[in-house]
Amino acid sequence: MNIAIGTTNKAKTEAVEVIARKYFDKPIFTCVKAASQVSDQPMTHEETRLGAINRSKNAIDETGAQLSFGLEGGVTEIDGVMYVCNWGALTVSNGTTYTASGAQIILPEEIAQEIRAEKELGPVMEQYTQRRDIRQGAGAVGIFTQGLVSRQMMFEHIVSLLIGQYLFSLTHE
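The text that follows walks through the structure, step by step, so that each part is easy to find. Bear in mind that the values here come from a model prediction, so they are computed numbers and not experimental data. (Residues numbered from 1 in each chain as written. Predicted model: local features only at pLDDT ≥ 70, side-chain atom pairs only at ≥ 80, totals over all residues. Heavy atoms only, no water.)

A word on the pairing of strand β2 (residues 28-31)
- Bridging between strand β1 (residues 2-5) and β2 involves four bridges; their strand directions are parallel. Looking at the pairing, A4 lines up with T30 of β2.
- A crossover links β1 with its parallel partner β2, the connecting element being helix α1 (residues 10-23), and its sense is right-handed. (Pairing = 2+ DSSP bridges. Helix = DSSP H or I, 4+ residues; strand = E, 2+ residues; numbered from the N terminus. Right-handed = clockwise from strand over helix to strand, strands pointing away.)

Put into structure tokens, the structure is as follows:
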């Protein structure tokens, strides 16, 4: 099965590859820098979800794959408290798209203030931790859960939800 992944981000691509290999026989992966067509820093669930959908659809259009995944990280505010939010989309070659959301955790107020000042979470986290490529590895979720949940693990959960919906649809057409 040919599977497109609408990113080259290591945490996202590895999440798709690890989970897809469990459910599909000999998948072939093609990673492309698919456009999200949303802000560099999505600020709502709706915008983050749309970014995942756009990445998935753009990747399948670009590659002609049988399945395509789009994963997007963002933030959202509830009652003045900022949370990390993450969404995924799986697009099938017939045009059907499934979506799912993942875990959310509160961002410390000092980080939230930087995001409200129109900065992107990835660079803010690099400055906060004095480490490079946070979004390729642990991610904010990994930092703020003391490594108990990494960004890849969080996206693996979303990919599992997406593949589960797809497999369910195959048995209930």
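So, the nonpolar core
- Core analysis: the biggest nonpolar cluster contains 24 residues, and I3, V16, F69, L90 and I163 have the highest contact counts within it.
- Taken together, the elements giving at least two residues each to this core come down to β1, α1, β3 (67-78), β4 (81-92), β5 (97-101) and α6 (151-171).
- Element by element, the count of residues in this core is highest for α6, at seven residues.
- Filtering out sequence-adjacent residues up to four positions away, L90 remains in contact with S56, L67, S68, F69, T96, T97, Y98, L162, I163 and Y166.
- Membership of the second largest hydrophobic core comes to 12 residues, among which are V75, L121, M125 and I143. (Core = buried A, V, L, I, M, F, W, Y, C linked by side-chain atoms within 4.5 Å. Buried < 20%, exposed > 50% of the residue type's maximum accessible area, 1.4 Å probe, protein only. Contact = heavy atoms within 4.5 Å.)

Notes on helix α2 (residues 45-63)
- Given a rise of 1.5 Å per residue, 19 residues ought to cover 27 Å, and the 27 Å separating the end C-alpha atoms of α2 matches this to within 8%.
- Among all positions of α2, only E47, T48, G51, A52, I53, N54, R55, S56, A59 and I60 are buried.
- At its buried positions, α2 is contacted by β1, β3, β4 and β5. (Expected span 1.5 Å × (residues − 1).)

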